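Chains, contacts and geometry: an overview
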Amino acid sequence: MIKKILLASVVAIGGLFSANAQSTELTVSYGGYTQMDGSDMHDGWDHVNNAWGALNAGVNFRVNSKIWLGPSYTFSSTTTKGQHHSNIAYHAIMLNGRYHYYRNSIITLYAKLGLGVEISHMMPRGGDSYNKAYCAFQIVPVGATFDINRNIAMFGELGYGAQGLVQVGFRFKL
């Protein structure tokens with residue numbers, strides 16, 4: 001029974017997206033200083049270095065002229081200091097919503113909200129690896145997109161979350 005409900009939900013959501021989606025875009029970006037650095041998303045391990053940032057990829061579907069929705073994946077990693085040098089890999093999967101609140105011929109300003117799960121893959125030296133899950137989010141009050149041509153745009157975002165405090169990247173219309 002539960003499988004039928006889940007399958008029906010997936011079909012309904014897919015149908016909604018395909019019926020309303022006027023456009024699709026692929027995004028790739030880099031973000032610096034992530035949620036993983038700003039909060040304890042490393043199971044209480046001591047002497048954890050800041051991560052090098054985050055690589056992000058996503059697919060967005062246009063719902064209407066001002067709203068875009070879609071999933072994203074974020075990867076980051078870090079190490080620990082000290083004699084028990086260990087590694088941590090961060091994997092975040094989120095559903096993002098973007099609202100365009102200003103647009104002219106050159107720039108589009110928007111806000112974005114993302115929510116999902118972050119999985120910290122802990123790799124202690126001399127011990128077995130294990131995973132720990134946390135709530136992942138991304139809050140962007142100010143984002144800007146600059147169209148390079150009809151199919152490629154450059155963007156920058158200021159916010160906080162798993163994708164980074166400052167994020168820059170490209171959007172490719174499919």
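Quick look at the structure, then. Bear in mind the structure is a predicted one, so any value in this text is a computation, not a measurement. (Residues numbered from 1 in each chain as written. Predicted model: local features only at pLDDT ≥ 70, side-chain atom pairs only at ≥ 80, totals over all residues. Heavy atoms only, no water.)

Considering the sheet that holds strand β6 (residues 130–147)
Using the following cut-off: Strand pairing follows a simple DSSP-based rule, namely that at least 2 bridges must link the two strands. Each helix corresponds to a stretch of at least 4 residues labelled H or I by DSSP, and each strand to a stretch of at least 2 residues labelled E; elements are numbered beginning at the N terminus. Lines fitted to C-alpha atoms define the axes, with helix axes restricted to the stretch in contact, and inter-axis angles between N-to-C directions lie between 0 and 180 degrees.
Pairing in this closed barrel of 8 strands is antiparallel, and the strands run β1-β2-β3-β4-β5-β6-β7-β8 around the ring. Across this sheet, the average inter-strand angle for adjacent strands is 25 degrees, counted without regard to direction. Summarising the sheet, strand β7 (residues 152–161) and strand β8 (residues 166–173) pair through 7 bridges and their orientation is antiparallel. Looking at β8, one finds that M154 is bridged to F170.

Remarks on the pattern of salt bridges
Pairing between side chains of opposite charge can happen when their charged atoms approach one another. What counts, and what does not: Each salt bridge in this description consists of a side-chain nitrogen of Lys or Arg and a carboxyl oxygen of Asp or Glu lying within 4 Å of one another. Three labels apply to residues, based on accessible area from a 1.4 Å probe with only protein chains included: buried if under 20% of the type maximum, exposed if over 50%, partly exposed otherwise in between.
Scanning the model with the defined rule gives 6 salt bridges in all. Across the pair D43 and K132 runs a salt bridge, and its minimum N-O distance is 3.5 Å. With D43 in the loop between α2 (35–38) and β2 (54–62) and K132 in strand β6, this residue pair connects regions lying 89 residues apart in the sequence. The exposure class assigned to K132 is partly exposed, which follows from its relative accessible area of 33%. A salt bridge links R103 to D147; its shortest N-O distance comes to 4.0 Å. Of this pair, R103 sits in strand β4 (residues 87–103) while D147 sits in strand β6, placing them 44 residues apart in sequence. Taken together, the salt bridges that share partners define one network made up of E25, R98, K112, E157 and R171.

Brief notes about the pairing of β6
Of the pairings in the sheet, the one linking strand β5 (residues 107–123) to β6 comprises 15 bridges and is antiparallel in character. Paired with K112 across the strands is V140, a residue of β6. Between β5 and β6, which pair antiparallel and follow one another directly, the connecting turn spans 6 residues, one of which, G126, has a positive phi of 80 degrees. Counting the residues in the hairpin turn of β6 and β7 gives 4 residues.

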